[in-house]
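Okay, here's what each chain looks like letter by letter:
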Amino acid sequence: MVDMTDSAPAVELAGLTKTFGPVTAVDGLDLRITPGEVVAFLGPNGAGKTTTVDMLLGLARPDAGTVRLFGGTPADAVRLGRVAAVMQTGGLLKDLTVAETVRMTAQFYGHTRPVGEVLDRAGIADLADRQVGKCSGGQQQRLRFALALLPDPDLMVLDEPTTGMDVEGRRDFWRAIRADARSGRTILFATHYLDEADAYADRIVLVRSGRVVADGTTAEIKNLAAGRVVRATLPGADQAALAALPAVRSVEVRGDAVLVSTDDSDAVARYLLTRTAARDLEITSRNLEDAFLALTTDAPTAALTTGA
Amino acid sequence: MTSAASPATTVPTPTSRADRRPPALGGFSAAVLGIEIRRVLRNRRTLIFILVMPAVFFLLFGLPSRGDRLDNGLPVTGWIMISLAVYAAMVATTSAGAAVATERALGWSRQLRLTPLRPAAYVGTKVVTAMVLGLLGVVVEFAVGAASGVRLPAYIWVTSGLVAWLGSLVFAALGLFVGYLAPAENVMQFMGPALAILAMLGGLFLPLELLPHVMQQIAKFTPVYGVGQLARAPLTGNGMDWAALGNLAGWTAFFTLGAARLFRRDTTRV
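Predicted model only: the values in this text are computed from it and were never measured.

The rules behind the values
Residues numbered from 1 in each chain as written. Chains lettered and ligands numbered in written order. Predicted model: local features only at pLDDT ≥ 70, side-chain atom pairs only at ≥ 80, totals over all residues. Heavy atoms only, no water. Helix = DSSP H or I, 4+ residues; strand = E, 2+ residues; numbered from the N terminus. Buried < 20%, exposed > 50% of the residue type's maximum accessible area, 1.4 Å probe, protein only. Contact = heavy atoms within 4.5 Å. Areas by Shrake-Rupley, 256 points an atom, 1.4 Å probe, with all protein chains shown as cover. Lys, Arg positive; Asp, Glu negative; His and termini not counted. Charge placed at Lys NZ, Arg CZ, Asp CG, Glu CD. Expected span 1.5 Å × (residues − 1). Pairing = 2+ DSSP bridges. Axes fitted to C-alpha atoms, helices over the stretch in contact; angles between N-to-C directions. Polar contact = N/O pair within 3.5 Å; in protein donor to acceptor, adjacent residues only side chain to side chain. Core = buried A, V, L, I, M, F, W, Y, C linked by side-chain atoms within 4.5 Å. Salt bridge = Lys/Arg side-chain N within 4 Å of Asp/Glu carboxyl O. Patch = residues over 30% accessible without salt bridge, like charges linked within 9 Å, V, L, I, M, F, W, Y side chains within 5 Å. pLDDT = per-residue confidence, 0-100. Buried area = accessible area lost by both parts, 1.4 Å probe. Nonpolar A, V, L, I, M, F, W, Y, C, P; charged D, E, K, R; others polar. Phe/Tyr/Trp six-rings, centres within 6.5 Å; stacked < 30°, edge-to-face > 60°. UniProt positions renumbered as here; feature names shortened; annotations may be inferred. Domains from an automatic or database assignment.

1. Digging into the overall build of chain A
- The helix and strand tally for chain A stands at 11 helices and 13 strands.
- Along the three orthogonal principal directions, the C-alpha set of chain A runs to about 75 × 45 × 40 Å.
- Burial status across chain A gives 54% buried among its 308 residues.
- Taking contacts inside chain A between residues at least 6 apart in sequence as the whole, the part at least 24 apart equals 71%.
- Of the accessible surface of chain A, which amounts to about 12,500 Å², a share of 48% is contributed by carbon and sulfur atoms.
- Distance from the positive charge centre (33 side chains) to the negative charge centre (40 side chains) of chain A: 1 Å.

Here it is as structure tokens:
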């Protein structure tokens, strides 16, 4: 038997690398997730999220590096039902009903939660007799979620679970995820929707070009692009004077508008309104989207990694 | 809209380590088999190809020969009925085996790799499903024959039926072979015509003696010839046909090994 101890990290990726021809999809990625964490694996399309998830689940073999789930291999974790996944698309037989799909899949495990319970938890109990091919994308995704709940996994992996869903579908899907309140379950979800990462994760791992570029709590990630932006209409603004104000991070002029990033928006606003001809003044706080854009476009990678 | 807002009544406690175990028999179970068979029987197109068409063929091409006798005095309709039973069984088992093509195309096989189901149990389920459908094909064809007035000694019904059915294992292997060769949702669309040509060459639609000599010689090496000859042997009374047996054994081995090889490539490709 393999040694899958309870003290081992839920996920431990070390130096994970995967190339497809000339393209390096995953480039020496390290990640450690302790049991019970809810982690968003956030990055733009093509950042290597799906490739990483495939290797994590044992669906793809890394060119270099290792994957350990609860101290064992992905195959060990799959065999014992300790890991389950909700994949992006496919993976369902259209001519089975929802209930048949769950009943059938339940037979593939040594031990599962009751079929009725997982249907209920996934919010599809009322669709039990519907043919899978006649279910909407969101309903099919909740069926995949129900299947993933069957073995009562210690680690649930969701790969871009709401891609292609409408707003209502996304809301219902996340409501079902939230309703799954089992304590101690580790959840790792890949997404390129910032609001999902912001709303559902305790921790955000930001990836770009197959590397981790930032890793921290939602608040920490937001802080990476911290401060506020003061925007005003001010033709011929004196950039140097503005930049010299205390706590100003940057000054940008766009036509007649000036944008000042600062940790002290009050001081900048006071200066602009009392000492210049500025008008139409606005103050906005940075959000996760700004952090996301800053970190996934042209940021120097190493400097932005916070603790965690 | 759904019960998502008020879902489970109790918060389950995590499954204990002791409860975590791999499935018995690698995940092979009667319950899955039942769902699989029900699933196929729900497919109207499959039913038309494996049950309705062979029966209609018999009514169209068999009944006009009513009253004709073979050299040994047994009815020609019996010869046609047994041949079409082999045809029904071969279409049924091939399509059941080839279902893996659809399931690979749909990503179901990939989904299964995230469960403890052993690949061998998956293939085992497909083979058993194929054989159940094959049996159904033979039984329906024989029932249509009997209802249309085919009268044969009991031992011929039994032995010919068993050979037609068990011999169709070669086509279950063929179906799996094709299924692992081509991950396509509509694999039976090109397999259907291919099976009809093989059935023709195998002498299921008309006696091979009606074909040109060269064609007859070639036909003896095609995969349907062996099982057709063997299934009709009790009727024609020709005794053990070793060439036919060699044909059946050879093709079964070929398709099984081919399917096994492709299957291994498919399951190790990670």
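Further notes follow.
2. Re helix H1 (residues 30-42) of chain B
- Here H1 of chain B is 13 residues long and its end C-alpha atoms lie 18 Å apart, about the 18 Å a rise of 1.5 Å per residue gives.
- Those residues of H1 of chain B hidden inside the fold are in contact with helix H3 (98-106) of chain A together with helix H2 (44-62), helix H3 (76-105) and helix H5 (119-147) of chain B.

3. A word on the sheet that holds strand S4 (residues 64-69) of chain A
Residue and element names in this part refer to chain A.
- Strand order in the open sheet formed by three strands is S2-S1-S4, with antiparallel pairing between adjacent strands. A single partner strand is all that each edge strand has here, and the edge strands are strand S2 (23-33) and S4. Strand-to-strand twist of the sheet, defined as the mean angle between neighbouring strand axes without regard to direction, takes the value 20°.
- Inspection of the sheet shows strand S1 (residues 11-20) paired to S2 by eight bridges, in the antiparallel sense. Directly across from lysine 18, in S2, lies its bridge partner valine 26.

4. Describing the environment of arginine 254 of chain A
All names here are of chain A.
- Relative to the elements of secondary structure, arginine 254 occurs in strand S11 (residues 248-254).
- With 41 residues separating them along the chain, arginine 254 and valine 213 place their C-alpha atoms 29 Å apart.
- Polar contacts involving the side chain of arginine 254 include one to the side chain of glutamate 252, which spans 2.8 Å.

5. Structural notes on the nonpolar core
- Counting residues in hydrophobic clusters, the biggest one holds 72 residues, and the most contacted among them are Met90 and Tyr180 of chain B.
- Ranked by the residues each element gives to this core, the list is headed by H3 of chain B, at 17 residues.
- In contact with tyrosine 180 of chain B, not counting residues within four places along its chain, are Val100, Arg104, Tyr122, Val123, Ala259, Leu262, Phe263, Arg265 and Asp266 of chain B.
- Of all hydrophobic cores here, the second largest spans 46 residues; its members include Leu42, Ile124, Ala201 and Phe292 of chain A.

6. What to know about the pattern of salt bridges
Residues and elements named next belong to chain A.
- Throughout the structure, instances matching the rule amount to 24 salt bridges over all chains.
- The residue arginine 175 makes a salt bridge to aspartate 172 at a minimum N-O spacing of 3.6 Å. Taken together, the residues arginine 175 and aspartate 172, both in helix H6 (residues 167-179) and three residues apart, mark about one turn of the helix.
- Taking the relative accessible area as the measure of exposure, arginine 175 reaches 31% and is therefore partly exposed.
- Aspartate 172 sits in the buried class, given a relative accessible area of 3%.
- With a closest N to O distance of 2.8 Å, aspartate 215 and arginine 203 form a salt bridge. With a gap of 12 residues between them, aspartate 215 in strand S9 (residues 211-217) and arginine 203 in strand S8 (residues 203-208) connect regions that are remote in the sequence. The burial state of aspartate 215 is the same as that of arginine 203; both residues are buried.

7. Focus on the side chain of glutamate 103 of chain B
- Summarising the element assignment, glutamate 103 of chain B is placed in helix H3.
- In contact with glutamate 103 of chain B, other than residues within four places in its own chain, are Leu93 of chain A together with Glu36, Arg39, Trp108, Ser109, Tyr122 and Lys126 of chain B.

8. Digging into a nonpolar patch on the surface
- Together, Ile48, Phe49, Val52, Val56, Leu60 and Phe61 of chain B make up an exposed nonpolar region whose accessible area comes to about 540 Å².
- Assignment of secondary structure puts phenylalanine 49 of chain B in helix H2.

9. Re the side chain of asparagine 247 of chain B
All names here are of chain B.
- As for its placement among the helices and strands, asparagine 247 is situated in helix H11 (residues 242-268).
- A relative accessible area of 8% places asparagine 247 in the buried class.
- Excluding residues that lie within four positions of it along the chain, asparagine 247 makes contacts with Lys220, Phe221, Thr222, Pro223, Tyr225 and Gly226.

10. A look at the confidence of the model for chain A
- Scored by pLDDT, chain A has a mean of 86; 92% of the residues are at 70 or more.
- A low-confidence stretch, residues 299-308 of chain A stays under pLDDT 50, and its non-local contacts, those more than four residues away or across chains, total 21 contacts.

11. Quick look at the interface of chain A and chain B
- Contacts between the two partners involve 55 residues from chain A, matched on the other side by 43 residues from chain B.
- Between chain A and chain B the total buried area reaches about 4,600 Å² when both faces are included, carbon and sulfur atoms providing 56% of it.
- When residues of chain A are sorted by the area they lose upon contact with chain B, Leu59, Leu93 and Phe108 of chain A head the list and together hold 15% of the total.
- Notably, a salt bridge pairs aspartate 154 of chain A with arginine 20 of chain B, separated by 3.4 Å at the nearest N-O pair.
- Here chain A is connected to chain B by 14 residue pairs in polar contact (both at pLDDT 80 or more).
- In terms of residue count, the dominant contributor to the side of chain A that touches chain B is H3 of chain A (five residues).
- Split into classes, the residues belonging to the side of chain A that touches chain B amount to 20 nonpolar, 14 polar and 21 charged.

12. Observations concerning the packing of aromatic side chains
Residue and element names in this part refer to chain A.
- Under the definition given, this model contains 15 aromatic pairs over all chains.
- Here phenylalanine 173 and tryptophan 174 contribute two aromatic rings whose centre-to-centre distance is 5.9 Å and whose plane-to-plane angle is 80°, an arrangement assigned as edge-to-face. In this structure, phenylalanine 173 and tryptophan 174 share a single accessibility class: buried.
- Here the aromatic residues Phe145, Phe173, Trp174, Phe189 and Tyr200 are joined through ring pairs into a cluster of three or more.

13. A closer look at the UniProt feature "transmembrane region" (unreviewed entry) in chain B
All names here are of chain B.
- Mapped onto the present numbering, the UniProt feature "transmembrane region" (unreviewed entry) falls on residues 46-64, 76-102, 123-148, 154-178, 190-208 and 242-263.
- From the first C-alpha to the last, residues 46-64 spans 27 Å; its make-up is 89% helix and 0% strand.
- Here residues 242-263 is 100% helix and 0% strand, with 31 Å between the C-alpha atoms at its ends.

14. A few points about the domain arrangement of chain A
Residue and element names in this part refer to chain A.
- For chain A, the assigned domains are domain 1 (11-222) and domain 2 (226-295).
- The straight-line distance from the C-alpha centre of domain 1 to that of domain 2 is 40 Å.
- Listed as interface residues are 13 residues of domain 1 and, on the opposing side, six residues of domain 2.
- Both faces considered, domain 1 and domain 2 share a buried interface measuring about 840 Å² in area, 81% of it formed by carbon and sulfur atoms.
- Contact with domain 2 buries surface across domain 1, with Leu194, Leu206 and Lys222 losing the most and accounting together for 59% of the total.
- Counting every contact that joins domain 1 to domain 2 gives zero salt bridges.
- Remark: the boundary between domain 1 and domain 2 carries zero residue pairs in polar contact (both at pLDDT 80 or more).
- When residues of the side of domain 1 that touches domain 2 are traced back to their parent elements, those giving at least two are helix H7 (194-200), S8, S9 and helix H8 (218-224).

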